[in-house]
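Spelled out, the chains give:
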Amino acid sequence: MNDPLRILLIDDNPDDRTLVIRELRREFPDPQVEQITNAESFTRVLETGDFDLVITDYQLRWTDGLQVLRAVKSRYPDRPTIMFTATGSEEIAVEAMKAGLDDYVLKSPKHFIRLPAAMRAALEKARQRQATKEAETRYRNLFERVPVGLYRTTPDGQILDANPAMVEMLGYPDRESLLATNTDDLYVNPKERQRWQVQMEREGLVRDFETQLRRRDGTIIWVMDSARAVQDAEGRVLYYEGSLEDITERKRAEAELRETNIQLQAALQARDEMIQNVSHELRTPLTLIMGYVGLLKEGAFGPLIPEQARIIDVLENQSDQLYFMVNRLLLLQTLDTGTIRKTELDLKLLLQKAVGAWQTRAEEAGIQLSLDISPDLPSLMADPDLLSQVIYNLLDNAIKFSPSKGVVGIRAWIEGNELIIAVSDQGIGIPPDRLERVFESFYQVDGSSTRRFGGMGIGLPLCRRIIEIHGGRIWAESEGEGKGSTFYITLPLRDAMLES
Ligand code: ADP
């Protein structure tokens, strides 16, 4: 910035040169002036380009000011050049201006003092030209290199400009061949083009417009187009400028995902239907078996020896569990908001009953059951059978998955508009990545160790379904393996209290 100004002073008259230098010294700090008085030194300095500004006389013995100007501008179009002469004419001045002269100062005592001001103005103009040029270069570089299609088009579809990324995206060999087409020809569906146009005319811009375009070889691509209208001072549209991104891959992936989802839904539906059919089919013979087992047990076919009685007990127990499982399966498939019967129920009583029912089993397993119910629990509107099933299931699991004994606790309290029930144990715990999966049908964290009759991974999905159709949520939390688990249920108080 503070580098000394390097000036070429081209004048044959030594007195004039002295005058100029004196004038310059007054205005610029320590200017470096190279005085040129012959063609050789001029040619040499043109080679090096070692100067910031040129001051030239018009009449020179070895050439003239116009030649000097042209020689400078042809190699250094941005170097300011000022003609300082007493011999020029208006015609020469005009011609010189056309050739890029920055200023013209007459060599007379009156005009002499104008020289430094002219120099400053010329230098400033050159600096601005340079800055504009750099900005243009930067913009052009971006336009040429950015990996997104960029374009300018007219309202009637003529393509004014397109960057290499756009040319490549549309499969044209070069920019010219793309500019020779009309945007209308690129659209697979002409109506889409109209939709684009309507949106542009209405809003002055189009954002994330997804459409299909035809490449030059006929293949079709999906693009995302964003553009805006560029207008003149009177608001007339000059052109549109926009960007185009090839989203074919994304679209393909989305379509695949949709297809997979449809297939998955169909498979799940088929599975559910099959489960429902099989459960129905199983239930009829099972009821028959249970009936006969009951009759046998009552001695309807004669007295039983102890061995027979023991076997019949086993049969009864197993068929009961099988019946329970088949029913739960059917319930899971058929349960929806329409099938539940909400009545006013006393949650405290329901929880006490559940704990009572599991007491013996818990004691046998060396587990202590604890109940902590907030005294201000209001009565609830809910389906008592279904809600009991949820609590029974959670307690069953809590005891089942607590091999190292400990405490299984049930707590219930109000928080805001919700009733919260928590069932916690000090058992094997659930790994974090499985906390959600335990609510998926037929999922068991460790199938081998937990498998027993009735344990098929339908308990928790059924719990979730029941709680969700009551407008609540259920989820599991666990400190990690071996650190116990807590199952939380929330039920909306207001909803739960409304008759359904
Ligand atoms: P099931 O129908 O087999 O009883 P659930 O749907 O009730 O199955 O539970 C699914 C799986 O979630 C269980 O097999 C078990 O792996 C895990 N799980 C459920 N409750 C607990 C718990 N309190 N502690 C640890 N794991 C549990």
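Residues numbered from 1 in each chain as written. Predicted model: local features only at pLDDT ≥ 70, side-chain atom pairs only at ≥ 80, totals over all residues. Heavy atoms only, no water.

So, about the packing of helix 13 (residues 347-364) against helix 14 (residues 384-400). Where helix 13 contacts helix 14, the two axes come as close as 10 Å, and the packing angle between them is 35°. As helix 13 runs across helix 14, the sense of the crossing is right-handed. Counted together, L347, L350, L351, K353, A354, V355, A357, W358, R361 and A362 of helix 13 and P384, L387, S388, I391, Y392, L395, D396, I399 and K400 of helix 14 form the full contact between these two elements. When the residues that make up the contact of helix 13 with helix 14 are grouped by side-chain class, the tally is 14 nonpolar, one polar and four charged. (Axes fitted to C-alpha atoms, helices over the stretch in contact; angles between N-to-C directions. Helix = DSSP H or I, 4+ residues; strand = E, 2+ residues; numbered from the N terminus. Left-handed = near helix turned anticlockwise from the far one by under 90°. Contact = heavy atoms within 4.5 Å. Nonpolar A, V, L, I, M, F, W, Y, C, P; charged D, E, K, R; others polar.)

Evaluated as defined, the whole model comprises 41 salt bridges. R236 is the salt-bridge partner of D232, the closest N and O atoms lying 3.1 Å from each other. A relative accessible area of 51% means that R236 is categorised as exposed. For the salt bridge of D385 with R341, the shortest nitrogen-to-oxygen distance reads 3.6 Å. Taken together, the positions of D385 in helix 14 and R341 in the loop between helix 12 (306-334) and strand 11 (343-345) put the pair 44 residues apart, joining distant regions of the chain. Connected via shared salt-bridge partners are K73, D78, D102, R129 and K133. (Salt bridge = Lys/Arg side-chain N within 4 Å of Asp/Glu carboxyl O. Buried < 20%, exposed > 50% of the residue type's maximum accessible area, 1.4 Å probe, protein only.)

Moving on to the confidence of the model for the protein chain. For the protein chain, per-residue confidence averages 90 on the pLDDT scale, and 95% of positions sit at 70 or higher. Every residue in residues 447-454 is under pLDDT 50, and counting partners more than four places away or in other chains gives twelve contacts. In this model residues 495-500 is a low-confidence stretch, pLDDT under 50, and it forms eight contacts with partners more than four residues away in sequence or in other chains. (pLDDT = per-residue confidence, 0-100.)

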